[in-house]
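# Structural characterization, general
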Amino acid sequence: MRRTLVLILIAAGLTLPASPASAANVSIDLCASAGTLTLPGPVTANIWGYALAGSGGSCAGVTPSVPGPVLSVDQGDAVSIVVHNTLTTPVSLEVPGLALGQGAGVSAPAGGTATATFTASAPGTYLYQGTERQLPMGLYGALVVRPPAAGQAYGSATTAYDREALLVLSAIDPAFNAAPATADLYHYAPKFWLINGKAYPDTDPVHGVAPGTKVLLRYLNAGFDNTSMRLLGAYERVLARDARPLANPFDATAETIPAGGTEDAVVTIPASGTRFPLYNRQLHQTMLTFIQVP
Amino acid sequence: MHRGFRAFLPAAALLVAFAPSAQAQAPAIPRQGIVCTNGTTFDLTATPGYIETPDGNSVLMWSYAPTGGQFQSPGPVLCVNQGDSVTVHLHNALTEPVSMVFPGQLGVGGSGTAGLLADEAPAGGDATYTFTASQPGTYIYESGSDPSKQIEMGLYGALIVRPAGHPDYAYDAATRFDPQREYLVLLSDIDPDLHHAVETGGAYDFNQLHNRYFAINGRQFPDTLQDNGVSWLPGQPYGSLLRVKPYNATSNPLPALIRMANVGTVNHPFHPHGNHIKEVAQDGRALRTPGGGDASSEHFAATIGSGQTEDYLFSWKDQDSWNPGSNPFPASVASPDYRNLTFKNGNTWSSGSAYLGSKGTLPVGTVSQNICGEWYFPWHSHALNEFTNYDAGFGGMATLLRVDPPGGCMAPAGTASILAGTLNSGTATDLAAADTAYYKVNSTTTGTRTADWYGGFAGVPGGSTGLAVTYTGRNSIAALPTTLWMWKWSTSTWVQMGAATGIGTSDVTVTRTPPSPESGFIGTGANSGKVRVRVLTTGTTGNFVTQGNLLKLTYDAP
Ligand SMILES: [Cu+2]
Ligand SMILES: [Cu+2]
């Protein structure tokens, strides 16, 4: 196994572009495990999350996160993801937008494993996720497929960027998470609205930009509402939806990312202003972060 | 709701209650269309006030009102020109910190107390915002303080930036529009329980949000149809009835501009009936291809996201141009049967005719709001729970598109009366069309012979403008000077319209307009809606017969 997998810590929220390598075989071992998430209040919610497995695919001592680890592969890579399920219910894995060798998805039985294989055929921002009740529990994460050209989101030079930030949008209803098998979905009502698993004021600002910096925002909506995100003091140029480049990119200050969808947009930091709020315009106030100079 | 309704409306669009016509208004405010507050410096006060809903409720709102002026919801439409240095002073008459954000404006400066998203005005205090309106477009302004409470409570409004030197462009030459047909469609939604909680000091839990009222420009249907500034909606000055005339390459080539904005908390699926609308911009930026070409797109349903603006150009094309006289339905096309129409409480906007510009038969007892055969199309949220007032349909986020007849409203003379001379033959009916039927008047038979008569018109709404008379007729002998006159009710005198025309033995058509003000020529009180047009033909010492073929009045109804 050649290791071209680049792991990005969610807490960082921002990375320099990874330098792509030629197509390779990539193998990733994920654990699906139970854990907790501390939310403002503080409130502790039960979660199920993905985590990177330890050596030999061991899940001993791993801590699952919401969202799961960011998986980054290069276009053309032959990817295999092994899910080690430590939960007492089956766990699925699907990657909408990429064709798995196993069909729509794979399912690991309680205590068992399942392997999903695919070719990272097209660059872009993808969600990997469980299904049904596994989703509100926290089984989702970002998969980034990078094109050959370094510093570009897609094949076109018009998708070049200097920095990137992943924004996994989701929500948590602790009452549902307390009883995922039996909770009545009719009463599902999120109380916490999250970016990368955090509610403001715990969210991580995108730091380290300067006028002219092109910041690639990779939105992934893992929640259940079509979510409109407001940007103040700047425009974002929407480049792609669901990992497909748009023929006519457009500029926006309020852009709706459908539930289950992804979107890529570039913010060119304007000459004036040092703090650019980015927040849920449907007024779920804790889904808020900032792009900040410096 | 479905595209394709013409003169006949579904029950969805039939009205519940209809208020009387507008009171006198400040002349600067158009009855319909966008109402701009122009300037570069604006003074606004964040203040509480009440709106009225069509179901009889009143709801506490917070809004940005003109400082020292009347409370209004939404805040005033701020209109500036590209390149202007704009200053907005905000005074806070609420009891918690308030601010303003201007999405799409870059480098907003100013002063105030530092807040989460913007500088704030503390309770009783002030803040100032400054920016250069660098790019034309449709924008919103709204609160940047505790948004889940303050935006829900109503702290929002529209900001329009017009291209430098081109107030008739939305953005550029490709987005030129008819300045007489510029409309704002600002969508919002209200949970009255949350407003009640604020009013009574109760617990405000945004997670309990359940919207019950849905508004366009701060009003719910059918109040949306009322004129701008009607006296009975003092806190909701903006109507949203849209009016167009059919597209015509020479006489009506320019589209209407619809500036849509969603300041509500949810995305709204807006459904314009009649023709497609062409989206030309979003969030204040024209839609362009990478090469700078046109990337606009046509829609018959448009989802507008929370916080978004979208600009649309709209031309309505009368594809078939059916006309009861010159282009009637072919035998293969069934005329609409009014018995298949539905009417709510005996009220309708249907003209009873499928021909634009003509009225037909309606069921006995039906009260029609239709003025002269114009067509109405519903424009509404296609989320049917939003097409209600507190869950009762139909109401809420809906208005009407009104397509006026291309030449304006037309009325034929309904009566004919002789002032001098005698009836030869015919009736007023013969004046309805230029055909082979004539209304004939014998001249006087002594001295200088004259034939002097007038046609009477009824049902012309007060406030109509653009009054014009068309007369087609001839005489039994050559070249007799003929003048047209209109009765001025306010002075009880005939007023001559223009110079005499020589009319001989073949038909001549004369068009005349009365001098302004036109209001004096439309009867009021017992003579409400009546107009009289006099035809005076002066001969010499030989008897003659004046033969009237057509006498009609056209006007633009309010
Ligand atoms: Cu419909
Ligand atoms: Cu409809």
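Structure first, text after, so check above.
As the structure is a computational prediction, the values presented were derived from the model and not from experiment.

## A look at the coordination of the copper ion (ligand 2)
- Bound to the copper ion (ligand 2) are the protein donor atoms His271(B) (ND1), His273(B) (NE2) and His380(B) (NE2), situated 1.9 to 2.0 Å from the metal.
- Read N to C, the donor residues that coordinate the copper ion (ligand 2) are spaced as H-x1-H-x106-H.

## As for the state of the cysteines
All names here are of chain A.
- As enumerated under the stated definition, the model contains three disulfides over all chains in all.
- Through a disulfide, Cys31 is tied to Cys59; the S-S separation comes to 2.0 Å. Residues Cys31 and Cys59 share a disulfide whose torsion about the S-S bond is about -100 degrees; that sign makes it left-handed. Residue Cys31 is found in strand E2 (residues 25–39), and its partner Cys59 is found in the loop between strand E3 (43–52) and strand E4 (71–74); the two are separated by 28 residues along the sequence. You'll find Cys31 and Cys59 in the same group, each marked buried.

## Digging into the side chain of Ser143(B)
Residues and elements named next belong to chain B.
- Checked against the element boundaries, Ser143 lands in the loop between strand E10 (137–142) and helix H1 (147–153).
- Note on Ser143: relative accessible area 0%, which makes it buried.
- With near-sequence residues (within four places) excluded, Ser143 lies in contact with Tyr64, Ser99, Val101, Gln150, Ile151 and Leu155.

## Some words on the sheet that holds strand E5 (residues 78–85) of chain A
Residues and elements named next belong to chain A.
- Taken in spatial order, the four strands line up as E3-E2-E5-E8 in an open sheet, and their pairing is mixed. Edge strands, defined here as strands with exactly one partner in the open sheet, are E3 and strand E8 (113–119). Taking the axes of each pair of neighbouring strands and ignoring which way they run, one obtains an average angle of 20 degrees across the sheet.
- Sheet analysis places E2 next to E5, joined by eight bridges and oriented parallel. Paired with Asp29 across the two strands is Val82, which belongs to E5.

Calculation notes
- Residues numbered from 1 in each chain as written.
- Chains lettered and ligands numbered in written order.
- Predicted model: local features only at pLDDT ≥ 70, side-chain atom pairs only at ≥ 80, totals over all residues.
- Heavy atoms only, no water.
- Donors = N, O, S within 2.8 Å, 3.2 Å for Na, K, Ca; no water.
- Disulfide = S-S within 2.5 Å.
- Helix = DSSP H or I, 4+ residues; strand = E, 2+ residues; numbered from the N terminus.
- Buried < 20%, exposed > 50% of the residue type's maximum accessible area, 1.4 Å probe, protein only.
- Contact = heavy atoms within 4.5 Å.
- Pairing = 2+ DSSP bridges.
- Axes fitted to C-alpha atoms, helices over the stretch in contact; angles between N-to-C directions.

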